[in-house]
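Structural overview
Here is how the chains run, residue by residue.
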Amino acid sequence: LQNAKNSGLCDVSDSNTTVGRKRVRNTIPRIYGKKARMDKTITLGFSEISSSHNRTAVHYFAKNINNVHSYRSFLSSIKPYLSDLLNEHILKNRTIKFNLKLESTYNRPEIENSSENRSFLTSARAILADSDLDSIIDQSFDKLMEKEEEYLSIGSGYRLETIDGMLLTVYRFTPMGGGSLPLVEINFDEGNNNDKIIITIMIAIITIMIVIIT
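Residues numbered from 1 in each chain as written. Predicted model: local features only at pLDDT ≥ 70, side-chain atom pairs only at ≥ 80, totals over all residues. Heavy atoms only, no water.

To continue, consider the pattern of salt bridges. Counting across every chain of the model gives 10 salt bridges. The salt bridge involving Lys-35 is made with Asp-39; its shortest N-O contact spans 2.8 Å. One end of the pair, Lys-35, and the other, Asp-39, are both in helix H2 (residues 28-40), 4 residues apart, so they sit about a helical turn from each other. Classification of Lys-35 by relative accessible area gives partly exposed; the value is 47%. A salt bridge links Asp-142 to Arg-72, with the nearest nitrogen and oxygen atoms 3.2 Å apart. Separated by 70 residues along the polypeptide, Asp-142 in helix H4 (residues 133-153) and Arg-72 in helix H3 (residues 71-93) bring together distant segments of the chain. For Arg-72, a relative accessible area of 43% translates into the label partly exposed. Through salt bridges with shared partners, a single network forms among Lys-79, Asp-134 and Asp-138. (Salt bridge = Lys/Arg side-chain N within 4 Å of Asp/Glu carboxyl O. Helix = DSSP H or I, 4+ residues; strand = E, 2+ residues; numbered from the N terminus. Buried < 20%, exposed > 50% of the residue type's maximum accessible area, 1.4 Å probe, protein only.)

So, in structure tokens, the structure goes:
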């Protein structure tokens, strides 16, 4: 377990280890947070659970309503909802970032009451208006599966008990540089008078402002 945590393959900060009556106290608030999400979500697809920084970041949760036991089947079932939701944010904000957190429960079959929370995360990924969204989602899913496979390969003895759901966070952001601006040529030839130069500069400034606004 410690090797998996140190390698960054999974998030065990919200683990709930129960062996007999022994529990780790500092995990209880996080457990209640997950339980609240699970209890609150009763429909298919992603439900908004919170937002922060004036909705700069919006958090959603998709529960495994149908208790699908295959990761690939679960990911396929939520992909249309994820795609629609990300498209909505792109239409509103043009550029966004998102990351995923796949939440599950694992146990050691030979040990009674050994269930523990596990989660696998992706890094925040940028999406622009012209991005290949379908490909980006597939790559994010593949990354989650890679982390789960690497976690199992460590040989901790834990096996998948249930797939609980998927956390999604969508962030507004502005790409660095803001794209290319049109070049406006200004000729400072001897024949140009000051009025013409000022008008040309003003046209250039207005053009740049229009590009930035749009």
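More follows now that the structure is in view.
Turning to the nonpolar core, a few remarks are in order. In terms of nonpolar packing, the biggest core is built from 32 residues, with Phe-46, Leu-86, Phe-141, Met-166 and Leu-168 touching the most fellow members. Every element with two or more residues in this core is listed here: strand S4 (57-63), H3, strand S5 (96-107), H4 and strand S8 (159-172). Setting aside chain neighbours within four positions, we find Phe-46 in contact with Tyr-60, Phe-61, Ala-62, Ile-78, Tyr-81, Leu-82, Leu-85, Met-166 and Leu-168. (Core = buried A, V, L, I, M, F, W, Y, C linked by side-chain atoms within 4.5 Å. Contact = heavy atoms within 4.5 Å.)

It is worth spelling out the packing of aromatic side chains at this point. Summed over the entire model, instances satisfying the criterion amount to 3 aromatic pairs. Aromatic side chains Tyr-106 and Phe-120 sit 6.3 Å apart centroid to centroid with 70° between the ring planes, which places their arrangement in the edge-to-face category. In this pair, Tyr-106 sits in strand S5 while Phe-120 sits in strand S6 (residues 116-121), placing the two residues 14 residues apart along the sequence. For Tyr-106, a relative accessible area of 0% gives the class buried. Taking relative accessible area as the criterion, Phe-120 reaches 0% and is therefore assigned buried. Three or more aromatic residues joined by ring pairs make a cluster, and in this case those are Tyr-106, Phe-120 and Tyr-151. A cation sits over an aromatic face here: Arg-37 above Phe-61, 5.6 Å from the ring centre. Over the aromatic face of Tyr-158 sits the side chain of Arg-108, whose NZ or CZ is 5.8 Å from the ring centroid. (Phe/Tyr/Trp six-rings, centres within 6.5 Å; stacked < 30°, edge-to-face > 60°. Lys NZ or Arg CZ within 6 Å of the ring centre and 35° of its normal.)

Taking 1.5 Å as the rise per residue, H4 with 21 residues should run 30 Å; its terminal C-alpha atoms sit 30 Å apart, in good agreement. Buried within H4 are the following residues: Leu-133, Ile-136, Ile-137, Ser-140, Phe-141, Leu-144, Met-145, Glu-148 and Tyr-151. In the stretch just after H4, Gly-155 is the one whose phi turns positive, near 85°. (Expected span 1.5 Å × (residues − 1).)

Attention now moves to H3. Across its 23 residues, H3 extends 31 Å between first and last C-alpha, which sits within 8% of the 33 Å expected from 1.5 Å per residue. Considering bend angle alone, the principal kink of H3 is centred on Lys-79 and spans about 40°; proline Pro-80 follows within four residues of it. Burial in H3 covers these residues: Tyr-71, Phe-74, Leu-75, Ile-78, Lys-79, Leu-82, Leu-85, Leu-86, His-89 and Ile-90. Where H3 terminates, the next one or two residues include Arg-94, which has phi positive at roughly 70°. (Bend = angle between axes of the 7 residues up to and from the residue.)

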